[in-house]
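The lines below spell out each chain.
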Amino acid sequence: MSVNQQAHTGPPYGQPQPGYQGYQQPAYGGQPLPGVPQSQYGAYNGPMPGYQQPVPPQGYFPSLGFPSKGSPVSLNSDASSLAPNLIGSLRAPPTSGAPPPASATSLPSSHLAYGQFGHGDVQNGIPASAAPMQRPPASQPFLPGSAPTPVSQTSTFQQYGPPPASVQQLSNHMAGMTIGSTTASAPPPAGLGYGPPTSIPPVSGSLSATGSGLYTPYTASQGPPPTSVSQGLPLAQPPFPGQPISTQRLPTQVPGFAPPPSSTGIGPSSYPPTTGAPRPPTMPGPPLPGQMVAGPPTSQPNHVSSPPPPSATSGPHPGPPMSGLHGPPPPTHPPQPGYQMQQNGSYGQVRGPQPNYGGAYPGTPNYGSQPGQPPPPKRLDPDSIPSPIQVIEDDRSNRGSEPFVTGVRGQVPPLVTTNFLVKDQGNASPRYIRCTSYNIPCTSDMAKQSQVPLAAVIKPLATLPPEETLPYLVDHGESGPVRCNRCKAYMCPFMQFIEGGRRFQCCFCSCVTEVPPHYFQHLDHTGKRVDFYDRPELSMGSYEFLATVDYCKNNKFPSPPAFIFMIDVSYNAVKSGLVRLICEELKSLLDYLPREGNMEESAIRVGFVTYNKVLHFYNVKSSLAQPQMMVVSDVADMFVPLLDGFLVNVNESRTVIASLLDQIPEMFADTRETETVFAPVIQAGLEALKAAECAGKLFIFHTSLPIAEAPGKLKNRDDKKLINTDKEKTLFQPQTNFYNNLAKDCVAQGCCVDLFLFPNQYLDVATLGVVTYQTGGSIYKYAYFQLEIDQDRFLNDLRRDVQKEVGFDAVMRVRTSTGIRATDFFGAFYMSNTTDVEMAGLDCDKTITVEFKHDDKLSEDSGALLQCALLYTSCAGQRRLRIHNLSLNCCTQLADLYRNCETDTLINYLAKYAYRGVLGSPVKTVRDALINQCAQILACYRKNCASPSSAGQLILPECMKLLPVYLNCVLKSDVLQPGLEVTTDDRAYIRQLVTSMDVAETNVFFYPRLLPLTKADVDSDSLPAAIRNSEERLSKGDMYLLENGLNIFVWVGVNVQQGLIQNLFGVSSFSQISNASNTLPVLENPFSKKVRSIVDMLQVQRSRYMKLIIVKQEDKLEMLFKHFLVEDKSLSGGASYVDFLCHMHKEIRQLLS
């Protein structure tokens, strides 16, 4: 403990205590609370010329951290009578070397108390039970003198600290200003920066001198900071005393972006002096866009000394609780015109004085400061900034129990991480469509101003949980579905029937269309058709129509699709045991081909091809005793040597197929052929489907770069030296246009290609994947395939890929109501025009992301509508139309837009946008554009929706408080910032995978799930509560599981109890655990069963079988594991969450100034 640090037994200052909720602060604005004595000590403020400073009142507590379930007071939006529950008295930290300040009782009564914001159970959106299910207005106006209104929707991350220090002591680092007489330069803090080390030039005086965030790293040797250190930074006050702020979804005000307290009580040796600090040294990898770091940035050492947070259910906050509620029940006020949206202050710190608010802080005495001495800078506490885990938990507890009923326009659904049931009452389920915002701006100017992209992530064939009903199939007979005459939109719940039901007005283009006689029905007294509930297309958001012959190619109904298995039999494939494995698996797998609901057997026919430098086709006609092989060696002019007997029914040809699958491994057992072809294999499959006049899917199992002389031959062009140069983009582009043209032909025939790759070296995924990607297929990659390690993963992927629901020969079109239109599309598909998304195959895991732009004004009354129509052939050969409808609200106030956004969907869109961007721009340009767009989104909110406050505060909209942490994860991903060990093929592979991921997959891919296994309850079915992705959250005595949708890591600490190791791994000590194994042994004890059941539960949730990797602490594999601890600094140069938040804040301030 340093000499000047006074022992302190009260609650820690601003030490985050995740898991406390409901502690509120006293009301604001100079009204002392009844029954609350003033605090024992005022804050030490130093001389602050021209401004007077407040004192923290008794009963405000710095560690108002994360809401949890055990809250003393849970505030809901209708709980208007609740006043704050005050806890404990706190002292401000004594000044170093200064005498304790005079008792606060001598302070004038005009002291401000701090803003009252309830921290009740967060409802991330609409309270499930509210009747109209629409969010209340963002804020109440300010009515001087009235008591504050309580608040709901605050899943907040609050840190309160003492008020700011004097101007002389404030060196405004975030603004790069040097104020006062102190000009000592600081040694650069260790760790990450965003550019070369240069000193920060002073910025013009347009920014206020207050409100800087000063932080420095703790080093690993220092141990946890003492509890009396004020870790929280000062809290925001309302601009005017005595005025309430009430908002439904409050913005997050991140602590640490405000002036530091005068002293933290840590000896001067621990921190460098702060004023005029130079920028930290550069990091490897591309620097973030030529900006300086905000503040002396915190470095995030790998072992950050901050105590692990208590569990979410931990007991009451330290400090004497005060019983009872204080203060009168605050009245609620209807919103009144003329006031700006006031949404700040909820998470905040005492602001320093602000320009233009002279004299708002009357009557604070100064306590003899030492003007020339800068305060020690502060490390922004990771627990005080928004936590993804907390937001996810809050949404689960608030919205997981009630079904999500889709009957109301523009409701934001629960998060993808919440398990909820959907009741379709007129809008498509969020499992089919999720939007970046459910309340879109009425004008394009407003949309441009906010920079929030308007996009929908659509998963037309999504799998539903068993408790939800599949879309109904509607058969209108030969006349087909009823449609609008002009825009061709399909009948849906938003069409308006008029003239007694004889006509309907289109909700998309307003055109009036006659109702066909067979479809006529009378209207009831409300104008609804009397058969409203009998017809899915009038009452449901999603349904299917049986398509007529007019919707089929060449005006004839399609044949059932075919599956062709094409196996590489070159030396590598045979030697690794792969060929034998595939043949063995196919014998049983062919009984599980997809089939329509109640069919006895699948209608899909199958065919087989093997290849190396030449192709071998097999005749497996049921009448043959043995299969026949035909070789095509002229790969330059590919044709199919047989028609009859190539594509067969599995049951009819069962014995011939079994015989073939037995013979293939033997036939090629002694092969010496190492070279392969690739494009001719796809051409052969395409020709076979053309000859059979059907759509279908090719399953290609391929091992090496196709260097044999043939069309589509490739050369090895892998070059690590291109990384971070302008030519890096060529690594993501195909080598040749040949495959683009081949893909176009495949789409025209409905030939979808699924690719299973088993490379031992560079294979050029960027080129080989083109056909797969453009036909709507899937790529699976098993680098350095080893039979014993990888066979489970491969076989599970293959089984799921063969069995899953697929629509063939699919075309999708998205129609919108007047005012917006679909302008851009992302995903695995081909487009020959600007409106139709064409896919040879579309499976239940694939999404298409659509961006919308304004082409006219929208109105708040009518809202906006989307209709996604997918025409496809089912696996039985039935032509169908699947329709999804969604209605959104429209707004004229930016605050309404920001209150109805969905960050997970926004990140899904931004990642896809960036991953497409790398095809044409240098990676650094793409990264800079992402950072800039997000800074603009947040700056627009700050400028237009939050109440005025010092520039030193970072204020985030409640719905978007996780935007910085998630965006940083995208920026640090292997595509945009590769580590040294990431191969070019890996990057191309990830780029293609992410482009068709749904929102749940991108969520866990970019911010992996980290579960403490040792905390798992062996008697329950539930998962242990997740923790944040940072090394400082890991304990040497525990085991953790991390999953990101592609891999599962089991991390074992060096000090884990021997008994647990024995129970899970069946060995007696840490040193005996083998990380060569990729399965957990099946042991008969509760812990082993529990962990294996958790792994199985996670595998079922994901569309791919995840590779299990066992990591021992301090082992070489640990570097790979740490790559996924995304809140920490990455080895490839990615910023830690804390540093990135500072950087974003600086970007926002630059935009605002």
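Undergrad: Help me understand the sheet that holds strand 15 (residues 605-611) in this model?
TA: Within a beta sheet, neighbouring strands are joined by backbone hydrogen bonds and run either parallel or antiparallel to one another. Ordered by their spatial adjacency, seven strands build an open sheet running 17-16-15-14-18-19-20, and the pairing between neighbours is mixed. Looking along the sheet, the strands with just one partner apiece sit at the ends: strand 17 (628-632) and strand 20 (779-781). For this sheet, the mean inter-axis angle between neighbouring strands, taken without regard to orientation, is 20°. When strand 19 (residues 751-757) meets strand 20, the two strands line up parallel, connected through three bridges. Looking across to strand 20, one finds that leucine 757 is bridged to lysine 781. Across the face of the sheet, helix 5 (residues 578-589) comes into contact with strand 14 (562-568), strand 15 and strand 18 (696-702) while running at roughly 155° to strand 14. Strand contacts of helix 6 (residues 654-667): strand 15, strand 16 (615-619) and strand 17, with the helix running at about 10° to strand 15, the strand carrying the most contacts.

Undergrad: Whenever I open this one, the sheet that holds strand 24 (residues 848-854) confuses me. Can you help?
TA: Read from one edge of the open sheet, four strands run 6-8-24-22, paired in antiparallel fashion. The open sheet has two edge strands with one neighbour each: strand 6 (433-435) and strand 22 (820-826). Strand-to-strand, the axes of this sheet are offset by a mean angle of 25°, without reference to chain direction. For strand 8 (residues 454-458) and strand 24, the ladder comprises five bridges, and the chain directions are antiparallel. Each bridged residue has a counterpart across the sheet, and for leucine 454 the counterpart in strand 24 is phenylalanine 852. Across the face of the sheet, helix 12 (residues 903-917) comes into contact with strand 6, strand 8, strand 22 and strand 24 while running at roughly 60° to strand 22.

Undergrad: I keep staring at the pairing of strand 26 (residues 879-891) and nothing clicks. Help me out?
TA: Looking along a regular strand, one sees the side chains alternate between the two faces of the sheet. In terms of burial, strand 26 is a largely internal element, 13 of the 13 residues being buried. Residues Arg879, Leu881, Ile883, Asn885, Ser887, Asn889 and Cys891 of strand 26 are buried on one face, and the alternating residues Arg880, Arg882, His884, Leu886, Leu888 and Cys890, pointing to the opposite face, are buried as well. In this sheet, strand 26 lies alongside strand 7 (residues 439-441) in parallel orientation, the contact comprising three bridges. Residue pairing in the sheet places isoleucine 440 in a bridge with cysteine 890 of strand 26. Across five bridges, strand 13 (residues 542-546) lies against strand 26 in antiparallel orientation. Bridging across to strand 26, glutamate 544 finds its partner in arginine 882. Judged from the 10 bridges that link them, strand 25 (residues 864-873) and strand 26 form a sheet pairing that is antiparallel. From the neighbouring strand, leucine 865 faces strand 26, where its bridge partner is serine 887. In this antiparallel pair of consecutive strands, strand 25 and strand 26, the connection spans five residues, and glycine 877 shows a positive phi of 90°.

The rules behind each value
Residues numbered from 1 in each chain as written. Predicted model: local features only at pLDDT ≥ 70, side-chain atom pairs only at ≥ 80, totals over all residues. Heavy atoms only, no water. Pairing = 2+ DSSP bridges. Helix = DSSP H or I, 4+ residues; strand = E, 2+ residues; numbered from the N terminus. Axes fitted to C-alpha atoms, helices over the stretch in contact; angles between N-to-C directions. Contact = heavy atoms within 4.5 Å. Buried < 20%, exposed > 50% of the residue type's maximum accessible area, 1.4 Å probe, protein only.

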